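Listed below are the residues making up each chain.
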Amino acid sequence: MCAVGSPCVCVCVCVCDEQLSRSVCRSTSRSWTCHTRSSLQLSLPLSLPLSLSLSLSHHPSLSPSLSLSLSHHPSLSPSLSLALPLSLPVSLYFSPSLFCSPSLSPSLSGLSLSLSLSLSLTPRLLRPHSPQPSDKSRTNMTENGLLHPERVLTLDTMNPNIKRVEYAVRGPIVQRAMQLEKELQEGVKKPFTEVIKANIGDCHAMGQQPITFFRQVLALCSYPELLNDNKFPEDAKDRARRILQACGGGSIGAYSASQGIELVRQDVSRYIVRRDGGVPSNPDNIYLSTGASDAIATMLKLLVSGEGPTRTGVMISIPQYPLYSAALADLGAIQINYYLDESNNWSLAVGELRRALEAARKHCNPRALCVINPGNPTGQVQSRQCIEDVIRFAAEENLFLMADEVYQDNVYAEGCQFHSFKKVLFEMGPKYSEKVELASFHSTSKCYMGECGFRGGYMEVINLDPAVKAQLTKLVSVRLCPPVPGQALLDLVVNPPQPDEPSYSTFMNERTAVLAALAEKARMTEEILNKVPGIRCNPVQGAMYSFPQIQIPHKAIEEAKEKGQAPDMFYCMTLLDEMGICVVPGSGFGQRDGTYHFRMTILPPTDKLKIFLAKVKEFHQRFTERYS
Amino acid sequence: ACKCGRSFTSPRLLPPTRISPRTRSDVDEGLQPDAPPGAMLARRTVGLVSRGGPPLTPRSPPGRSVQRMMAEKVLTVDTMNSCVKKVEYAVRGPIVLRAVQIEKELKEGVQKPFSEVIKANIGDAHAMGQQPITFFRQVLAMCSYPELLDDDRFPEDAKGRARRILQGCGGQSIGAYSASQGIECVRQDVARYVERRDGGVPSDPDNIYLTTGASDGIVTMLKLLVAGEGRSRTGVMISIPQYPLYSAALAELGAVQVNYFLNEERCWSLDVSELRRALADARRHCNPRALCIINPGNPTGQVQSRQCIEDVIRFAAKERLFLMADEVYQDNVYAEGCEFHSFKKVLFEMGPEFSSTVELASFHSTSKCYMGECGFRGGYMEVVNMDPEVKAQLTKLVSVRLCPPVPGQALMDLVVNPPQPGEPSYSTFIRERKATLSSLAERARLTEQILNTVPGIACNPVQGAMYSFPRVTLPARAIREAEERGQAPDMFYCMKLLEETGICLVPGSGFGQRDGTFHFRMTILPPTDKLKILLSKVKDFHQRFIQQYS
């Protein structure tokens, strides 16, 4: 029996033209049934070199074998005949030297090709999420008696930690969204005309305009001839000159110091001092990074040690940003979940931290506590009091604090204010500020700039053991340096135009416009979603996301389970297929058992966001009716 | 679980340099930027004492009780990731830290027997004065600030490229995330480039992964390969001398480093019999699964012959090894009679028996060749014959880091799709490219020639890449003195060279070498005038050093 249906086999014969730059493809396709042997004759005017590629439109778990011969040309000596065990997809390439003596012309024509293919299918369950050991039958003898060479690197033999890594923000739902976009482009009819992606905090992709000043300076740094051009304001030129002077050979194409350009680290330090009302910051404690993710993964890497009950445990909030769970899986560290209080606007309660820590101490060695403020995906902004409580808790329990503060400028709700962990720590006096080890993270990707593509970021480490710091410096040196354009951009973020500079007013206008629009969209999202029966949404106090709770009817939950999907994945997949709206299911971030959520960004332009929210509303009502 | 990297053949990579007792003030001061490197190293080596085990360093530093008192810290050298402690990266190691410090001292007016530090430690072309390719930088400027598309000063082909790249970006901004595997149109361009380069061997954009420099791709592939415990732990074969990214990544991943030695007498060539020896030895302790090749070689500068590549591929096929081909210097071939052959091309020319079975990942970057754009961290890898399920895992893994830097992706696109004949920028581009490459070829010749006139220095021809890795004969007395100081003899030599002449080179022990031999790596990147000065200073120093210690 064949569970995968009748796969279609396409044989492509590619003939290269003289420049070898383009390939002309001839293809033939036919349906295959299971366990058949069939041959396919192609008689094409061919010349060498030629390449063949085979692909099957179905699942890659097919075990075909192929025999192939090239013949009917007097200059071919010998005619080639091969019986190959294959794993698909496969490409075959024949160079002239395989067929003829070097004295012959390499461009042969008038070849004909015969192919015979035999296929046997080893149907396996589709298992996008939980990989199981591969079917060994793939590697056994096939019907024609050939041994299938097992690959060196297979699902069975690869790094087991990597298999456990999950990253929902770019997971199956996003892959499906991209597929839908392709189908729309190809003219396939859908109940919608475009896919609106609200799965990822990617501002520019959603139409947000870059800050003019930043991009002027980056253009000047990229092509310093422009410094002689009078179309750029003087302050932009000054910044560019200053950055270039700090680069090796005056070029952003040179490696920087591994910790980052010294000048940029000094500017970062000054920015922190200003932000934190004068709390001192040392440029030596600043490490520039490839986006915040890089620095977070690096800090976690330093922290991981021990085996069994002494293995490092790391406390992360649930819901969390899945970089944390992914990095912990990759490192083989123990993930310790503490739950945010949804009924209390996703706030963090120290009682819950204590519960989680005590439970974890039975099986691992909890050593670090990660906090995301403002929250991703939950959008809460922590109160100063709460931060103090967390710091006290970390000090008492001897935990390394990691503060993910990449949304520090994204605070919208009245009465809310961003407090950095570092500032609060230092205001709590030397008992804490000289003891608690803290790493805080920032990036160029969020806030009002949204420059994700540049992968700029930094971390500041406080009270880090000097010997560990030397190890950290050594570790980052292996990767040579963070991308220099990202470092340059970060420098501009921490050192933007000043009131007496020509670009100041444009800069302020642009910045204020972006942040005001975000605040407006945050309010709108909360308001509209809360009008939908069965959807409940906390205020988006900060960051860029709403994480509403959705009621899913029992019948839908059952259907999801039959499909082997998480109920909110089923919900989001249906939403995507019916409305063209891409949001990420709450199960990718973690949630209390029996509750369901999705994360959506508030980034689409206001008009689009309105349509988007109306579609969510319409869908939710339809979905609820259908399944009750 | 973490297993720590071990190596099964003799060379010790970078032995500890200097050990001095840790004092209270060390702890209190933190790491001052102007602290002497000895202090820095002391902090690094302090605490290399395993719990309850014997000290790992020759001298157990006193002052442990002081540290215990202070170390109510959560994260200490004792409690940190032990694999990370084993990581060493000589190219940016202690000698470079000292060089940076000397530069600072010079600025502050401290008197030295030289007026500037010449850094020949790292393949950083622009830092050494190489000019960027105009066309590349014009396109990058327009991508950064698209208003410039309306400016007449830029040629049409540059504008066309910028528009095309921007159209490939979300919201037409290089500030948007790209697909984790890289911008699709860039991957298509890379695939076409690979096809052209390899005489028509097909390349599928789905097999191209853009990366954050080649290092990122290499580390990611190694990470996928590492599995097992004890005797089944993954072993990875690397050349000695090697580029220390490999040993560092293997240490960090807790994989087993399997050393095979290049043949210095035969211009650093690779013998399959040596591969066989290394593999057979390693199979007793671990599960060797991958073979890494750097061609053209770093630090050794050899260019592999087509025959040698075929032999390596046959060996990998027979012994069932995953091949990793580091080909970042593919345009840097200088010696007559030498030619770059990509592993992929040779693999496919060997026919389907090999081309449909041998698993290969090959790596390239924007940092070397004629462009030398290290700061952009652009690169790609192409995977061939990779299990589709593993490929899905790879795609998932790279998605966690979101995407490689987009300016680097844009630059990669320009490198694989440069100005064509008939386009306005073509002649300038070709002129700049040729000037850089021929000047490098000239410097490669010059380096070999001058170094080989120094008694006690023997240097293979620099056939390709950007480095010379000459052998230096050190007097027994110097070796003894170095050992007394706890330094590798070539580290002692290079440190002294730096202090006396301001020249920064990397000792061979950072790359690995046969026991009892000593080398250094120097780049050929300083401008010709400066390179001449550098070489004559090395010559003088070496003669003085020999006299002093014999």
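Residues numbered from 1 in each chain as written. Chains lettered and ligands numbered in written order. Predicted model: local features only at pLDDT ≥ 70, side-chain atom pairs only at ≥ 80, totals over all residues. Heavy atoms only, no water.

### Side note on the overall build of chain B
Along its length, chain B carries 20 helices and 14 strands. Within chain B, the proportion of its 550 residues that are buried is 66%. Taking the contacts inside chain B whose residues are at least 6 apart along the sequence as the reference set, 72% of them involve residues at least 24 apart. (Helix = DSSP H or I, 4+ residues; strand = E, 2+ residues; numbered from the N terminus. Buried < 20%, exposed > 50% of the residue type's maximum accessible area, 1.4 Å probe, protein only. Contact = heavy atoms within 4.5 Å.)

### Structural notes on the UniProt feature "domain: Aminotransferase class I/classII large" (unreviewed entry) in chain B
Residues annotated in UniProt with the feature "domain: Aminotransferase class I/classII large" (unreviewed entry) correspond here to residues 171-536 of chain B. As annotated, residues 171-536 of chain B comprises 42% helix and 16% strand, and the C-alpha atoms at either end are separated by 55 Å. (UniProt positions renumbered as here; feature names shortened; annotations may be inferred.)

### Side note on the sheet that holds strand β14 (residues 520-523) of chain B
All names here are of chain B. Strand order in the open sheet made by the three strands is β10-β14-β13, with antiparallel pairing throughout. Where the open sheet ends on each side, the last strands, each with one partner, are β10 (467-468) and β13 (506-507). With two bridges connecting them, β13 and β14 associate as antiparallel partners. Opposite P507, over in β14, you have F520 as the bridge partner. (Pairing = 2+ DSSP bridges.)

### Comments concerning the sheet that holds strand β15 (residues 438-443) of chain A
Residue and element names in this part refer to chain A. One open sheet accounts for seven strands, arranged β10-β16-β15-β14-β13-β11-β12; its pairing is mixed. Two strands in the sheet have a free side with no partner beyond their single neighbour: β10 (286-290) and β12 (334-339). Between one strand axis and the next, the sheet turns through 25° on average, direction left out of account. Pairing between strand β14 (residues 400-404) and β15: four bridges, direction parallel. Across the sheet, residue M402 finds its bridge partner in β15, namely A439. Docked against the sheet, helix α7 (residues 323-331) engages β11 (312-318), β12, β13 (365-372) and β14, running at close to 160° with respect to β11. Strand contacts of helix α12 (residues 466-478): β10 and β16 (456-462), with the helix running at about 30° to β10, the strand carrying the most contacts. (Axes fitted to C-alpha atoms, helices over the stretch in contact; angles between N-to-C directions.)

### Things to note about the interface of chain B and chain A
Counting residues at the interface gives 116 residues for chain B, matched by 124 residues for chain A. Summing both partners gives a buried area of about 9,900 Å² for chain B against chain A, and 58% of it is carried by carbon and sulfur. A per-residue breakdown of the area chain B buries against chain A is headed by V74, L75 and Y177 of chain B, which together make up 8% of the total. Viewed at the interface, chain A and chain B are joined by six salt bridges. K223 of chain B is the salt-bridge partner of D330 of chain A, the closest N and O atoms lying 2.9 Å from each other. Taken together, the connections running from chain B to chain A amount to 47 residue pairs in polar contact (both at pLDDT 80 or more). When residues of the side of chain B that touches chain A are assigned to their parent elements, the largest contribution, eight residues, is made by helix α15 (residues 388-400) of chain B. For the side of chain B that touches chain A, the class distribution of residues is 53 nonpolar, 31 polar and 32 charged. (Buried area = accessible area lost by both parts, 1.4 Å probe. Salt bridge = Lys/Arg side-chain N within 4 Å of Asp/Glu carboxyl O. Polar contact = N/O pair within 3.5 Å; in protein donor to acceptor, adjacent residues only side chain to side chain. Nonpolar A, V, L, I, M, F, W, Y, C, P; charged D, E, K, R; others polar.)

### Side note on helix α3 (residues 212-222) of chain A
Among the eleven residues that make up α3 of chain A, ten are buried, leaving the element largely enclosed by the rest of the structure. Considered for burial, the residues of α3 of chain A that qualify are F213, F214, R215, Q216, V217, L218, A219, L220, C221 and S222 of chain A. On its buried face, α3 of chain A is in contact with α4 (234-245), α13 (484-494) and α14 (504-530) of chain A together with α6 (134-144) of chain B.

### Details of the side chain of R215 of chain A
Mapped onto the secondary structure, R215 of chain A falls in helix α3. Polar contacts involving the side chain of R215 of chain A include one to the side chain of E451 of chain A, which spans 2.7 Å. Leaving out residues up to four positions away in the same chain, R215 of chain A has contacts with H204, P210, E451 and F454 of chain A together with C143, S144, Y145, S173, I174 and G175 of chain B.

### Topic: the UniProt feature "domain: Aminotransferase class I/classII large" (unreviewed entry) in chain A
Within this numbering scheme, the UniProt entry marks residues 226-613 of chain A as carrying the feature "domain: Aminotransferase class I/classII large" (unreviewed entry). Taken end to end, residues 226-613 of chain A comprises 43% helix and 15% strand; its first and last C-alpha atoms sit 44 Å apart.

### A look at the pairing of β12 of chain A
As paired elements, β11 of chain A and β12 of chain A share six bridges and run parallel to each other. Bridge assignment links I318 of chain A to a residue of β12 of chain A, and that residue is Y339 of chain A.

### Quick word on the pairing of strand β5 (residues 287-294) of chain B
Every other side chain in a regular strand lies on the same face of the sheet, so the side chains alternate between the two faces. All names here are of chain B. Across the eight residues that make up β5, a large majority, seven, are buried. One ladder, built from four bridges, connects strand β3 (residues 234-240) with β5; its direction is parallel. In the strand pairing of β5, T234 is matched with N287. Where β5 meets strand β6 (residues 322-326), five bridges bridge the pair, whose relative direction is parallel. Bridge assignment links I294 to a residue of β6, and that residue is D326.

### With respect to the pattern of salt bridges
According to the stated counting rule, one finds 63 salt bridges over all chains in the structure shown. Each of the salt bridges in this network shares a partner with another, and the network as a whole consists of R384, E388, D389, R392, K423 and E427 of chain A.

### Notes on the confidence of the model for chain A
Residues and elements named next belong to chain A. Mean pLDDT for chain A: 82, with 76% of residues reaching 70 or above. A low-confidence stretch, residues 55-69 (pLDDT under 50), is modelled with 65 contacts involving residues beyond four sequence positions or located in other chains. In this model residues 71-90 is a low-confidence stretch, pLDDT under 50, and it forms 62 contacts with partners more than four residues away in sequence or in other chains. (pLDDT = per-residue confidence, 0-100.)

### Side note on unusual backbone geometry
A cis amide bond links I318 of chain A with the next residue in sequence, P319 of chain A, at an omega value of 0°. Relative to the assigned elements, P319 of chain A resides in the loop between β11 and α7. In the segment running from I240 of chain B into P241 of chain B, the intervening peptide bond is cis, with an omega of 0°. Here P241 of chain B shows up in the loop between β3 and α10 (245-253).

### Overview of the confidence of the model for chain B
Residue and element names in this part refer to chain B. Scored by pLDDT, chain B has a mean of 87; 87% of the residues are at 70 or more. Confidence drops under a pLDDT of 50 for residues 1-71, and excluding neighbours within four residues, the segment shows 138 contacts in the predicted structure. For this predicted complex, the interface confidence reaches an ipTM of 0.85, while the overall pTM sits at 0.83.

### Some words on the packing of aromatic side chains
A complete count under the given rule lists 32 aromatic pairs over all chains for this structure. Arranged with centres 5.7 Å apart and planes meeting at 85°, the rings of Y329 of chain B and Y467 of chain B form a pair that is edge-to-face. Of this pair, Y329 of chain B sits in the loop between β6 and α13 (343-349) while Y467 of chain B sits in strand β10, placing them 138 residues apart in sequence. Just as Y329 of chain B is buried, Y467 of chain B falls in that class too. Judged by centre distance (6.3 Å) and plane angle (10°), the ring pair of Y493 of chain B and F520 of chain B falls under stacked. Of this pair, Y493 of chain B sits in helix α19 (residues 489-501) while F520 of chain B sits in strand β14, and the two are 27 residues apart along the sequence. On the basis of relative accessibility, which here comes to 0%, the residue F520 of chain B falls in the buried class. By way of ring pairs, the aromatic residues F570, Y571, F598, F619, F623 and Y627 of chain A are connected into one cluster. The cationic tip of R599 of chain A hangs over the ring face of Y545 of chain A; the distance from NZ or CZ to the ring centre is 3.9 Å. In this structure, R521 of chain B is placed above the aromatic ring of Y467 of chain B, and the distance from its NZ or CZ to the ring centre is 3.9 Å. (Phe/Tyr/Trp six-rings, centres within 6.5 Å; stacked < 30°, edge-to-face > 60°. Lys NZ or Arg CZ within 6 Å of the ring centre and 35° of its normal.)

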